[in-house]
Amino acid sequence: MASDTDISDFLKSVEKKAFKRAYYHVGDEEGALDIVQDSMIKLCSHYADKPAHELPLLFQRILSNTVLDWFRRRKTRNALFSNLNDFDHRDDLGDFDLLEVTTGDADGPASQSAEQWLGRVQTLEHIEKAIMSLPARQREAFLLRYWEELDVAETAAVMGCSEGSVKTHCSRAIHSLSKTLAHQGMKP
């Protein structure tokens, strides 16, 4: 079991590297700081009873998951909701009615027909189901490599396996996803 000193020393040794990694993923200093802080809190509150030699891999997994959670929260927040404070009334805009329908860009959701929108939603659901149907290790390797954009060595460190295993899991995942999506009529 790691002592409080072991955990404190470990967190001090990884804080700068963890911040850089989080910052490279999210491109936002405040977001990166929040991610690192949340990761450190999760490590201390849930895994303080683990041996000190297990802390590095646990922390890397926690950090990866926290980054994913940050992107999910951000995506959800930005997907459908707008901050009403962004619509400050300015005299140069004239009468501004929040309830007016806005015209979006040509590729935005406002310009899509219901059929196009539904098709896009169904495609995303098919892809999500295909990813969720992968075996756990293949799914983890695929998401770390292609969603998190970690390199093979980082993915291997987070997963606790060799680089060759990561390559094998990713290759099998891609093959399986291609096959599954092709059976559903989707082409890459």
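Residues numbered from 1 in each chain as written. Predicted model: local features only at pLDDT ≥ 70, side-chain atom pairs only at ≥ 80, totals over all residues. Heavy atoms only, no water.

1. Concerning the packing of aromatic side chains
Let me state the cut-off plainly: Put simply, two rings from Phe, Tyr or Trp (the six-membered ring, in Trp's case) pair if the centres are within 6.5 Å, and we call them stacked under 30 degrees between planes, edge-to-face over 60, tilted for the rest. Helix and strand labels come from DSSP, where a helix needs a run of H or I of at least four residues and a strand needs a run of E of at least two; each type is numbered from the N terminus. To sort residues, take the accessible area from a 1.4 Å probe on protein chains only and compare it with the maximum for the residue type: under 20% means buried, over 50% means exposed, and anything in between is partly exposed. Distance and angle both matter: a charge sits over a ring if NZ of Lys or CZ of Arg is within 6 Å of the ring centre and within 35 degrees of the ring normal.
Tallied over the full model, the rule gives 4 aromatic pairs. Measuring from ring centre to ring centre gives 5.3 Å for Phe-142 and Tyr-146, while their planes differ by 50°; the resulting arrangement is tilted. You can see Phe-142 and its partner Tyr-146 sitting in helix H5 (residues 136-147), 4 residues apart, about one turn around the helix. A relative accessible area of 41% places Tyr-146 in the partly exposed class. The ring of Tyr-146 is capped by Arg-145, whose NZ or CZ atom sits 5.5 Å from the centre of that ring.

2. Some points on the environment of Leu-11
Here is the rule we go by: Any two residues having at least one pair of non-hydrogen atoms within 4.5 Å are treated as being in contact.
You can see Leu-11 is positioned in helix H1 (residues 4-26). Sequence-distant contacts of Leu-11, defined by excluding residues within four places in its chain, comprise Met-40, Leu-43, Cys-44 and Phe-59.

3. Topic: the nonpolar core
We apply this condition: Put simply, buried Ala, Val, Leu, Ile, Met, Phe, Trp, Tyr and Cys residues joined by side-chain atoms within 4.5 Å make one nonpolar core.
In terms of nonpolar packing, the biggest core is built from 20 residues, with Phe-10, Leu-11, Ile-35, Leu-43 and Phe-59 touching the most fellow members. Listing elements by their share of this core, those giving two or more residues are H1, helix H2 (29-47) and helix H3 (55-80). Apart from the residues lying within four places of it in its own chain, the contact partners of Leu-43 are Phe-10, Leu-11, Ala-48, Leu-55, Leu-58, Phe-59 and Ile-62. Judged by nonpolar contacts, the second largest core, of 9 residues, contains Leu-150, Ala-156, Met-159 and Cys-170.

4. Examining the pattern of salt bridges
The criterion, for reference: By salt bridge we mean one thing: a side-chain nitrogen of Lys or Arg within 4 Å of a carboxyl oxygen of Asp or Glu.
What the rule picks out here adds up to 4 salt bridges. In this structure, Glu-140 engages Arg-61 in a salt bridge whose closest nitrogen and oxygen atoms are separated by 4.0 Å. Here Glu-140, found in helix H5, pairs with Arg-61, found in helix H3; they are 79 residues apart in sequence, far enough to count as distant. According to the relative accessible area criterion, Glu-140 is partly exposed, its value standing at 24%.

5. Looking at a negative patch on the surface
The criterion, for reference: Patch membership requires over 30% relative accessible area and the absence of a salt bridge. Like charges are linked within 9 Å, and nonpolar side chains (Val, Leu, Ile, Met, Phe, Trp, Tyr) within 5 Å. Calculation of accessible area relied on Shrake-Rupley with a 1.4 Å probe; when residues are assessed, cover is drawn exclusively from the protein chains displayed. For the purpose of counting charges, residues Lys and Arg are taken to be positive, whereas Asp and Glu are taken to be negative. His and the chain ends are not included. We put the charge of a Lys on NZ, of an Arg on CZ, of an Asp on CG and of a Glu on CD.
Where like charges cluster on the molecular surface, the negative patch consists of Asp-28, Glu-29, Glu-30, Asp-34 and Asp-38. Along the polypeptide, Asp-34 turns up in helix H2. The class for Asp-34 is partly exposed, based on a relative accessible area of 42%.

6. Structural notes on the packing of helix H4 (residues 114-132) against helix H7 (residues 163-183)
Short version of the rule: Axis definition: a line fit to C-alpha positions, over the contact stretch in the case of helices; interaxial angles, taken between N-to-C directions, run 0 to 180 degrees. Angles below 35 degrees are treated as roughly parallel, those above 145 as roughly antiparallel, those between 65 and 115 as roughly perpendicular, and all remaining angles as oblique. Helix crossings get a hand from a simple test, with the near helix turned counterclockwise from the far one by less than a right angle marking a left-handed crossing and a clockwise turn marking a right-handed one. For this classification, the nonpolar set comprises Ala, Val, Leu, Ile, Met, Phe, Trp, Tyr, Cys and Pro, the charged set comprises Asp, Glu, Lys and Arg, and every other residue, Gly included, is treated as polar.
It is the contact of H4 with H7, at a shortest axis distance of 10 Å, that shows an interaxial angle of 140°. If you check the angle between H4 and H7, you find them oblique. Our pair here, H4 against H7, has a crossing hand that is right-handed. Contacts between H4 and H7 involve His-126, Ile-127, Ala-130 and Ile-131 from the first element and Leu-177, Thr-180 and Leu-181 from the second. A per-class count over the contact of H4 with H7 returns 5 nonpolar, 2 polar and no charged.

7. Here we look at H5
In plain terms, the rule: Helices are assigned an expected span. That span is 1.5 Å times one less than the residue count.
Taking 1.5 Å per residue, 12 residues should reach 16 Å; H5 reaches 15 Å between its end C-alpha atoms and fits that length. Looking at H5, one finds that the buried residues are Gln-138, Ala-141, Phe-142 and Leu-144. Immediately beyond the C-terminal end of H5, within one or two residues, lies Glu-149, with a positive phi of roughly 60°.

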